[in-house]
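Structural overview
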Amino acid sequence: MEKFAATTEIKGWAPDGNGVYWLLVDDMPLCVFATDDGHVVLSADVGDPPPGGVETRECFYRTLLEAMHLGRGSAGASFSIDGSSGTVCLHRTEALSALDFEAFKSMMGHFVDTLAEWRKIAADFRPVAEKRALEESARRQGARDMAANGFMQV
């Protein structure tokens, strides 16, 4: 990782007390760490799921799952959900023994590109979902108003 740091303009290549490297790449925070069993892990937050009803979230999660099918839309990375915050995360794990400098560099590049793409996709889901949620809320409020006035919507 030190060799990679020396060849990039990325600042902050210093591990914390747990051996985790926290980086800011193109204004996107990500972490890199080695596991005890000889793997390197890249991990970053994609963003929060879109607001709205079950239908909107189902569409969002289906989009994520379709992207992971055979790694076609995720560059070999996987999505997960942080159970405590609900944030969607992107992560990739590779055996250190399978990585030389060029392979690590390539993996980092693909990961950062994939992260940027999915952060945009997640952000683009939000306005659509918010609009749908507002429309649904207005529709429900209209139905409640009609019911309060003695009318029934059929």
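Residues numbered from 1 in each chain as written. Predicted model: local features only at pLDDT ≥ 70, side-chain atom pairs only at ≥ 80, totals over all residues. Heavy atoms only, no water.

What follows is about the confidence of the model for the chain. Of the residues in the chain, 73% reach a pLDDT of 70 or more, and the chain-wide mean stands at 81. Within the chain, the lowest mean pLDDT, 67, falls on helix H1 (residues 2-6), and the highest, 95, falls on strand S5 (residues 88-95). (pLDDT = per-residue confidence, 0-100. Helix = DSSP H or I, 4+ residues; strand = E, 2+ residues; numbered from the N terminus.)

The strands making up a sheet are joined through hydrogen bonds of the backbone, oriented either antiparallel or parallel. The 5 strands are arranged S1-S2-S3-S5-S4 in an open sheet whose pairing can be described as antiparallel. Of all the strands in the sheet, the pair left with one neighbour each is strand S1 (21-25) and strand S4 (78-81). Each neighbouring strand pair of the sheet contributes to a mean axis angle of 30 degrees, computed without reference to strand direction. Here strand S2 (residues 28-34) pairs with strand S3 (residues 39-47) via 4 bridges, running antiparallel. Looking at the pairing, Val32 lines up with Leu42 of S3. Of the strands in this sheet, S4 and S5 are in contact with helix H2 (residues 54-68), which crosses S4 at around 150 degrees. (Pairing = 2+ DSSP bridges. Axes fitted to C-alpha atoms, helices over the stretch in contact; angles between N-to-C directions. Contact = heavy atoms within 4.5 Å.)

Looking at where Asp37 falls in the secondary structure, it is placed in the loop between S2 and S3. For the pair Asp37 and Ala95, spaced 58 residues apart in sequence, the C-alpha separation works out to 8.7 Å. A distance of 3.1 Å separates the side chain of Asp37 from the side chain of His39, its partner in a polar contact. (Polar contact = N/O pair within 3.5 Å; in protein donor to acceptor, adjacent residues only side chain to side chain.)

On to the nonpolar core, then. By size, the foremost hydrophobic cluster in this structure holds 27 residues, and its most contacted members are Leu30, Val32, Val46 and Phe79. Taken together, the elements giving at least two residues each to this core come down to S1, S2, S3, H2, S5 and helix H3 (101-148). Per element, the largest residue contribution to this core is 9 residues, and it comes from H3. Apart from residues no more than four positions distant in its own chain, Val46 is found in contact with Phe79, Val88, Cys89, Leu90, Leu115, Trp118, Arg119 and Ala122. (Core = buried A, V, L, I, M, F, W, Y, C linked by side-chain atoms within 4.5 Å. Buried < 20%, exposed > 50% of the residue type's maximum accessible area, 1.4 Å probe, protein only.)

Turning our eyes to something else, we now look at the environment of Asp48. Residue placement: Asp48 occurs in the loop between S3 and H2. By relative accessible area, Asp48 is classed as partly exposed at 43%. Here the alpha-carbon distance between Asp48 and Arg119, two residues 71 residues apart in the chain, equals 9.5 Å. Polar contacts involving the side chain of Asp48 include one to the side chain of Thr87, which spans 3.2 Å.

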